[in-house]
Amino acid sequence: MTTDYQNEHNKNIITQFTQQAIPFTKLPGHLDAIKMLIKRSNVSSSDNVLDVACGPGLVACEFAKRAKKVTGIDITQKMIEQARLQQDKLGLSNIEWDIGTAYPLPYSSDSFSVVITRYSFHHFLTPSKILSEMIRVCKPEGTVLIADAALPKDKIEAYNRLEKLRDPSHTQALSFDKWEELLINSGLKEITRSSYRIEVELESQLDVSFPNLGDEEKIREIFRNDINSDSLGMQTHLKKGKIYFSYPISIFVGYK
């Protein structure tokens with residue numbers, strides 16, 4: 001992986017998520033899903049939490065209601081600006097925000113008792129390196145939690161093709177077997193998996209997405225063809241004449 005390629009990919013992420021920063025905060029289904037992350041993390045008032053690729057701060061702020069301290073880091077300045085607005089809106093004083101990369105993370109080893117990330121791994125070029133960094137900055141016996149798309153092996157290629165059209169900064173979602181391989185090789189202990197789905201209406205999702213010019217109709221056609229086949233693994237269906245689908249999210253938890 002060349003530095004130039006990584007830098008170009010980072011620029012692509014920043015371009016996409018500068019545009020998505022405000023719309024992302026308004027997507028439905030966020031709060032219920034975050035409550036699941038909080039429950040699975042067992043976060044308490046003694047925990048120092050790191051939220052990697054924190055986006056507009058939705059997860060970090062909810063964790064801050066229960067943790068001693070939360071740090072959120074994201075590569076996109078506009079996302080951090082939205083995160084600060086969310087913090088101010090909720091009146092939370094125990095959060096710090098940093099602009100920076102997930103690899104390397106700009107923190108000392110063994111700094112956080114809980115390290116989390118949500119909806120970020122499908123953007124990383126080298127997921128194993130990111131996971132290694134998350135584990136490095138986690139304290140011994142601490143919790144590492146990842147929430148991201150995971151699909152059966154026979155669905156993953158079609159899913160990734162679609163998501164790359166919708167979001168050009170998407171690299172690849174992982175299949176269940178690839179997740180298992182990644183996590184087992186990481187050295188984490190007592191790894192568990194749970195799952196949930198986020199249902200969205202297609203046009204609403206396109207309104208907050210920024211595909212390349214001309215790709216929106218390609219996306220619509222893929223979903224129309226998926227209604228009776230579920231080749232995407234997204235449970236595409238019609239409801240009152242509109243196309244709905246759901247993102248298949250897994251929560252992976254392990255301990256250092």
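Described below are features of the structure shown in this document. Predicted model, so just to flag it, every value in this text is computed and none were measured.

This part takes up the overall build of the chain. The helix and strand tally for the chain stands at nine helices and nine strands. Partitioning the contacts of the chain with sequence separation of at least 6, the portion at a separation of at least 24 is 75%. For the chain, the exposed surface amounts to about 12200 Å²; the carbon and sulfur share of it is 50%.

Time to look at helix H4 (residues 77-90). Taking 1.5 Å of rise per residue, 14 residues should cover 20 Å, and H4 covers 20 Å from first to last C-alpha, within 8% of that figure. If you check which residues of H4 are buried, you get Met 79, Ile 80, Gln 82, Ala 83, Gln 86 and Gln 87. Across the axial projection of H4, the buried residues extend over an arc of 160°, all falling on one side. What points out from H4, more than 90 degrees from its buried face, is the exposed set Leu 85, Asp 88 and Lys 89. Gly 91 sits one or two positions beyond H4 and adopts a positive phi of about 70°.

On to the nonpolar core, then. Of all hydrophobic cores here, the largest spans 48 residues; its most connected members are Val 49, Phe 63, Val 70, Trp 97, Tyr 196, Phe 223 and Met 234. Not counting residues up to four positions away in its chain, the partners in contact with Tyr 196 are Ala 33, Met 36, Arg 118, Tyr 119, Ala 147, Tyr 247, Pro 248, Ile 249 and Ile 251. Phe 112, Val 115, Phe 121 and Ile 135 belong to the second largest nonpolar core, which has 25 residues in total.

Interaxial distance between helix H6 (residues 156-166) and helix H9 (residues 215-226) falls to 9 Å at its minimum, and their mutual angle equals 150°. Considering their axes alone, H6 and H9 lie roughly antiparallel with respect to each other. Viewed along their axes, H6 and H9 form a crossing whose handedness is left-handed. Across the interface between the two elements, Leu 162, Leu 165 and Arg 166 from H6 touch Asp 215, Lys 218, Ile 219, Ile 222 and Phe 223 from H9. Along the lines of polarity and charge, the residues of the contact of H6 with H9 split into five nonpolar, no polar and three charged.

With respect to the helices, strands and loops of the structure, Thr 171 is situated in the loop between H6 and strand E6 (174-175). Since its relative accessible area comes to 13%, Thr 171 is described here as buried.

Applying the stated rule across the entire model yields 17 salt bridges. Salt-bridge contacts for Glu 181 lead to Lys 178; the nearest nitrogen and oxygen are separated by 4.0 Å. Of this pair, Glu 181 and Lys 178 both sit in helix H7 (residues 176-186), three residues apart, which is roughly one turn of the helix. The salt bridge partner of Lys 218 is Asp 215, with a shortest N-O separation of 3.3 Å. Remark: Asp 215 and Lys 218 occur in helix H9; sequence separation between them is three residues, near one turn of the helix. With a relative accessible area of 48%, Lys 218 lands in the partly exposed category. By relative accessible area, which is 9% here, Asp 215 ends up buried. In this structure, a network of salt bridges that share partners links the residues Glu 203, Glu 216, Glu 217, Arg 220, Glu 221 and Arg 224.

Glancing now at unusual backbone geometry. Cis rather than trans, the peptide bond between Tyr 103 and Pro 104 has omega equal to -5°. In this structure, Pro 104 sits in the loop between strand E3 (95-99) and strand E4 (112-118). If you check the backbone angles, Asp 110 has positive phi at about 60° while not being a glycine. Within the fold, Asp 110 resides in the loop between E3 and E4.

What counts and how
Residues numbered from 1 in each chain as written. Predicted model: local features only at pLDDT ≥ 70, side-chain atom pairs only at ≥ 80, totals over all residues. Heavy atoms only, no water. Helix = DSSP H or I, 4+ residues; strand = E, 2+ residues; numbered from the N terminus. Contact = heavy atoms within 4.5 Å. Areas by Shrake-Rupley, 256 points an atom, 1.4 Å probe, with all protein chains shown as cover. Expected span 1.5 Å × (residues − 1). Buried < 20%, exposed > 50% of the residue type's maximum accessible area, 1.4 Å probe, protein only. Arc of directions from axis to C-beta. Core = buried A, V, L, I, M, F, W, Y, C linked by side-chain atoms within 4.5 Å. Axes fitted to C-alpha atoms, helices over the stretch in contact; angles between N-to-C directions. Parallel < 35°, antiparallel > 145°, perpendicular 65-115°, else oblique. Left-handed = near helix turned anticlockwise from the far one by under 90°. Nonpolar A, V, L, I, M, F, W, Y, C, P; charged D, E, K, R; others polar. Salt bridge = Lys/Arg side-chain N within 4 Å of Asp/Glu carboxyl O.

Nothing here speaks to function; it is geometry throughout.
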